[in-house]
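Observations on the three-dimensional arrangement
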Amino acid sequence: MKILIVVPRHFENPDRSYPFPLGAATVHAMLVSKGHDVDVLDLNRSPGTPAQLVGDRVSASDYRVVMAGGLTQELKKLRQVFQAAKQANPTVVTVGGGGGFTAAPALFGKLTGVDYACVGEAE
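Parameters at a glance
- Residues numbered from 1 in each chain as written.
- Predicted model: local features only at pLDDT ≥ 70, side-chain atom pairs only at ≥ 80, totals over all residues.
- Heavy atoms only, no water.
- Helix = DSSP H or I, 4+ residues; strand = E, 2+ residues; numbered from the N terminus.
- Buried < 20%, exposed > 50% of the residue type's maximum accessible area, 1.4 Å probe, protein only.
- Lys, Arg positive; Asp, Glu negative; His and termini not counted.
- Salt bridge = Lys/Arg side-chain N within 4 Å of Asp/Glu carboxyl O.
- Polar contact = N/O pair within 3.5 Å; in protein donor to acceptor, adjacent residues only side chain to side chain.
- Axes fitted to C-alpha atoms, helices over the stretch in contact; angles between N-to-C directions.
- Parallel < 35°, antiparallel > 145°, perpendicular 65-115°, else oblique.
- Contact = heavy atoms within 4.5 Å.
- Nonpolar A, V, L, I, M, F, W, Y, C, P; charged D, E, K, R; others polar.
- Expected span 1.5 Å × (residues − 1).
- Arc of directions from axis to C-beta.

Turning to the side chain of Glu74, a few remarks are in order. Along the chain, Glu74 falls in the loop between strand S3 (65-69) and helix H3 (75-88). For the buried Glu74, no salt bridge is present, and the opposite-charge side chain at shortest range is Lys77, 5.6 Å distant. Polar contacts involving the side chain of Glu74 include one to the side chain of His10, which spans 3.3 Å.

The geometry of H3 relative to helix H5 (residues 105-112) is characterised by a closest axis approach of 8 Å and an angle of 55° between their N-to-C directions. Relative to H5, the element H3 is oriented oblique. Counting all contacts with H3, which are made through Leu75, Leu78, Arg79 and Phe82, the residues of H5 involved are Phe108, Leu111 and Thr112. Split by residue class, the contact of H3 with H5 holds five nonpolar, one polar and one charged.

For the rest of this paragraph, the subject is helix H1 (residues 22-33). Look at H1: 16 Å from first C-alpha to last across 12 residues, which is about the 16 Å you get at 1.5 Å a residue. Those residues of H1 that fall on the buried side of the exposure criterion are Ala24, Val27 and Leu31. Considered in projection along H1, the buried side chains sweep an arc of 65° and stay on one side of the axis. Turned more than 90 degrees away from the buried face of H1, the exposed residues are Leu22 and Ser33. Two residues or fewer after H1 comes Gly35, characterised by a positive phi angle close to 95°.

Listed below in C-alpha cells is the structure:
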C-alpha cells in the first residue's frame, strides 16, 4: 500500500535546524518493514504553503493513506494537512496520531476531520 506521512510545519525557514520527529520515523520504519511503500513529506523542508504542498503531492501520486500527527497546539496545522489531502483525493484515508489524538481521540478526530485516529505511542 502506498502511504504518505506528513510532518506538519513548525518553522517558516526551511534552513532552520530541528530534530526530525521520532514518532514519524518510527511509524515510517514499521510500515516499511511490513512491506508498504512509504514516503515522507516534511513541510519544514519545503517552500510553499502546506495546503499546496500536500495537495500537489497527493494529486501527483496514488497514495491510499495520508498520515500526520502532533500535539494539541498543532490542531490547525493538522486540519490543514488532512483537508488538503481530502481535497486532492476524496477517497484517500486520513490517519492522525500523536499527543492530541491520544489525549482526546474523539474530539481531536472530529476537529481535524480524520478517518482514523491512533492512540498511544507510535511503536
